[in-house]
Amino acid sequence: MSSRKRAVGAYFDGFRASDHEAILALVSEDVVWVIHGHGRREGKQAFDREIENDAFEGSPKLTVERLIEEGDTVVAPHLGEGRLRGGDSFRFAGVTVFGFDGDLIARVESYIVPIQG
């Protein structure tokens, strides 16, 4: 497994544990996170605030289906489940595209689709 795929695996592990330090160690200072349909965050501080979004509580369950790498990009189709504040479950299918600058994640593009039922 490549070092970039390992970094993406560690990124998802960090989210599963709500481990801000582990996640932030993987991203560049000027990281950009685009959550399509929801917003754009720029820089480590903004990224840090989004790790545990106020709409959710606890850590998400995330299942990465596979990792696809080409050049400086790793694509990770995944499934997830989180708990919204108030107790409702939020299930989703997603694809996250990671752009690297050297060994650090410099761009994250998240495409999230809710799953009903």
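Just so you know, the residues in each chain are numbered from 1, in the order the chain's sequence is written. Reporting of local features is limited, given that this is a predicted model, to residues whose pLDDT is at least 70; pairs of side-chain atoms are given and counted only at 80 or more, and all residues count toward the totals for whole chains, interfaces and linings. Hydrogens and waters are ignored; side-chain quantities use all the structure's heavy atoms.

**Q** Please explain the layout of surface pockets as it appears in this structure.
**A** Vacant regions in the atomic arrangement are exposed by a probe of water-molecule size rolled over the atoms. Think of a 1 Å grid over just the protein atoms. A cavity is a set of points where a 1.4 Å probe fits yet cannot get out, a pocket is an open set with protein on both sides within 12 Å along at least five of seven lines, and lining residues have an atom within 4 Å of a point. Grid points are joined across faces, edges and corners, and a volume is the space filled by probe spheres set on the points. Here the largest pocket is characterised by a volume of approximately 740 Å³. Taken together, 28 residues line the largest pocket, and the ones lying closest to its centre are Trp-33, Glu-50, Asn-53, Phe-56 and Phe-92. For the purposes of this entry, the term helix denotes a DSSP run of H or I that reaches at least four residues, the term strand denotes a run of E that reaches at least two, and both are numbered from the N terminus. When residues of the lining of the largest pocket are traced back to their parent elements, those giving at least two are α1 (3–16), β1 (27–35), β2 (39–42), α3 (44–51), β3 (56–64), β5 (73–84), β6 (89–101) and β7 (104–115). A per-element tally of the lining of the largest pocket places β3 first, with 6 residues. Residues are sorted three ways: Asp, Glu, Lys and Arg are charged, Ala, Val, Leu, Ile, Met, Phe, Trp, Tyr, Cys and Pro are nonpolar, and all the rest, Gly among them, are polar. When the residues that make up the lining of the largest pocket are grouped by side-chain class, the tally is 13 nonpolar, 10 polar and 5 charged.

**Q** What exactly am I supposed to notice about α3 here?
**A** A turn of α-helix holds 3.6 residues, and therefore any two residues three or four places apart point the same way. For every residue, the accessible area obtained with a 1.4 Å probe (protein chains only) is divided by the maximum for its type, and the residue is called buried under 20%, exposed over 50%, and partly exposed between those limits. Those residues of α3 lying buried are Ala-46, Phe-47, Glu-50 and Ile-51. Along α3, the residues classed as buried sweep out an arc of 150° about the axis, all on the same side. Looking at α3, the residues exposed on the side facing more than 90 degrees away from the buried face are Gln-45 and Arg-49. Structurally, α3 contributes buried residues whose contacts are with α1, α2 (20–24), β1, β2 and β7. Summarising the geometry, the arc corresponds to the directions from the helix axis toward the C-beta atoms. Every residue pair with non-hydrogen atoms within 4.5 Å of one another is taken to be in contact.

**Q** I keep staring at the nonpolar core and nothing clicks. Help me out?
**A** The tendency in soluble globular proteins is for nonpolar side chains to be buried side by side. Ranked by internal contacts, the top residues of the largest apolar core, which has 22 residues, are Tyr-11, Phe-47, Phe-98 and Ile-105. Broken down by secondary-structure element, the contributors of at least two residues to this core are α1, α2, β1, α3, β5, β6 and β7. Looking at this core element by element, the count peaks at 5 residues for α1. Non-local contacts of Ile-105, meaning those with residues more than four positions away in its chain, are made with Tyr-11, Leu-26, Val-27, Ser-28, Val-31, Phe-98, Gly-99 and Phe-100. Only buried residues count toward a nonpolar core. Its members are Ala, Val, Leu, Ile, Met, Phe, Trp, Tyr and Cys residues joined through side-chain atoms within 4.5 Å.

**Q** Please explain α1 as it appears in this structure.
**A** Look at α1: 20 Å from first C-alpha to last across 14 residues, which is about the 20 Å you get at 1.5 Å a residue. Those residues of α1 lying buried are Ala-7, Val-8, Tyr-11, Phe-12, Gly-14 and Phe-15. The buried residues of α1 occupy an angular sector of 155° when projected down its axis, which confines them to one face. Ser-18 lies just past α1 and shows a positive phi near 50°. What a helix should span is 1.5 Å times the count of its residues minus one.

**Q** Help me out: how do you make sense of the confidence of the model for the protein in this one?
**A** As a general rule, the predicted coordinates of low-pLDDT regions are not to be interpreted in detail. Mean pLDDT over the protein works out to 94, with 99% of the residues at or above the 70 mark. Per residue, pLDDT captures the predictor's confidence, and it can take any value from 0 to 100. Here β3 stands out as the least confident element of the protein, with mean pLDDT 91; strand β4 (residues 68–70) is the most confident, with 98.

**Q** Help me understand the pairing of β2, please; the structure alone is not making it clear to me.
**A** Note: β1 against β2, 4 bridges, orientation antiparallel. Residue Trp-33 lies in a different strand from β2, and its bridge partner there is Arg-41. We treat two strands as partners when DSSP finds at least two bridges between them. Counting the residues between successive antiparallel strands, the hairpin from β1 to β2 contains 3 residues, one of them, Gly-37, with a positive phi of roughly 85°.

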